[in-house]
Amino acid sequence: MYVITKRQPYGYGRPKIRYSREAWMKVKDPLPMRKGREAQGYSQRDLAALCRCTQAAISALETGTMKSCSEDLARTICHWIKRDLEEVFVDPSPSPVPEVTNAPRSTHRRTRPIPARPRVNTAA
């Protein structure tokens, strides 16, 4: 069992700002996370200290209040509760590369081709 010997703030060492391009993982089912934590003998506070997050975040993930978390936090949680990442979390993004579209043509689609204008002969 993990025992906290030195008290530090719970957010110590984790970045405060999340980037918009960071991958977010959705919680598939909160029950395996709770069962894994209890099987390892950790309290929510102990797991939060190991993952360097708050106890409220662990509680919100286990109750389903918080639907998603960052990929690094998901991997850290799964490491400490000894569960597979796919067992607890699901990656909502289908592909890592975003789809790129041509902006002028992305909203307007032509259904038929534009007819050519008839030529007018002015040199008669």
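Residues numbered from 1 in each chain as written. Predicted model: local features only at pLDDT ≥ 70, side-chain atom pairs only at ≥ 80, totals over all residues. Heavy atoms only, no water.

Novice: Give a description of the pattern of salt bridges that names residues and reports values.
Specialist: Overall, the coordinates contain four salt bridges when judged by the stated rule. Arg 83 is the partner of Glu 87 in a salt bridge, and the nearest nitrogen-oxygen pair spans 3.0 Å. Given the relative accessible area of 33%, Glu 87 is considered partly exposed. Within this structure, Arg 34, Arg 37 and Glu 62 form a network of salt bridges that share partners. (Salt bridge = Lys/Arg side-chain N within 4 Å of Asp/Glu carboxyl O. Buried < 20%, exposed > 50% of the residue type's maximum accessible area, 1.4 Å probe, protein only.)

Novice: Describe in detail the packing of helix 2 (residues 44-51) against helix 3 (residues 55-63), supporting the description with residues and values.
Specialist: Their axes nearest at 8 Å, the elements helix 2 and helix 3 cross at an angle of 115 degrees. Considered as vectors, helix 2 and helix 3 are oriented roughly perpendicular to each other. Crossing of helix 2 against helix 3: the hand is right-handed. The residues of helix 3 that touch helix 2, namely those facing Gln 44, Arg 45, Leu 47 and Ala 48, are Gln 55, Ile 58, Ser 59 and Glu 62. Of the residues contributing to the contact of helix 2 with helix 3, the split by class is three nonpolar, three polar and two charged. (Axes fitted to C-alpha atoms, helices over the stretch in contact; angles between N-to-C directions. Helix = DSSP H or I, 4+ residues; strand = E, 2+ residues; numbered from the N terminus. Parallel < 35°, antiparallel > 145°, perpendicular 65-115°, else oblique. Left-handed = near helix turned anticlockwise from the far one by under 90°. Contact = heavy atoms within 4.5 Å. Nonpolar A, V, L, I, M, F, W, Y, C, P; charged D, E, K, R; others polar.)

Novice: Go over helix 1 (residues 30-40) with me, naming the residues and quoting the values.
Specialist: Within helix 1, the full set of buried residues consists of Pro 32, Met 33, Gly 36 and Arg 37. Taken end-on, helix 1 shows its buried residues confined to a sector of 130 degrees, consistent with a single buried face. On its buried side, helix 1 packs onto helix 2, helix 3, helix 4 (71-81), helix 5 (85-88) and strand 3 (89-90). A positive backbone phi angle near 85 degrees is found at Gly 41, which sits one or two residues after helix 1. (Arc of directions from axis to C-beta.)

Worth remembering: the numbers are spatial, not functional.
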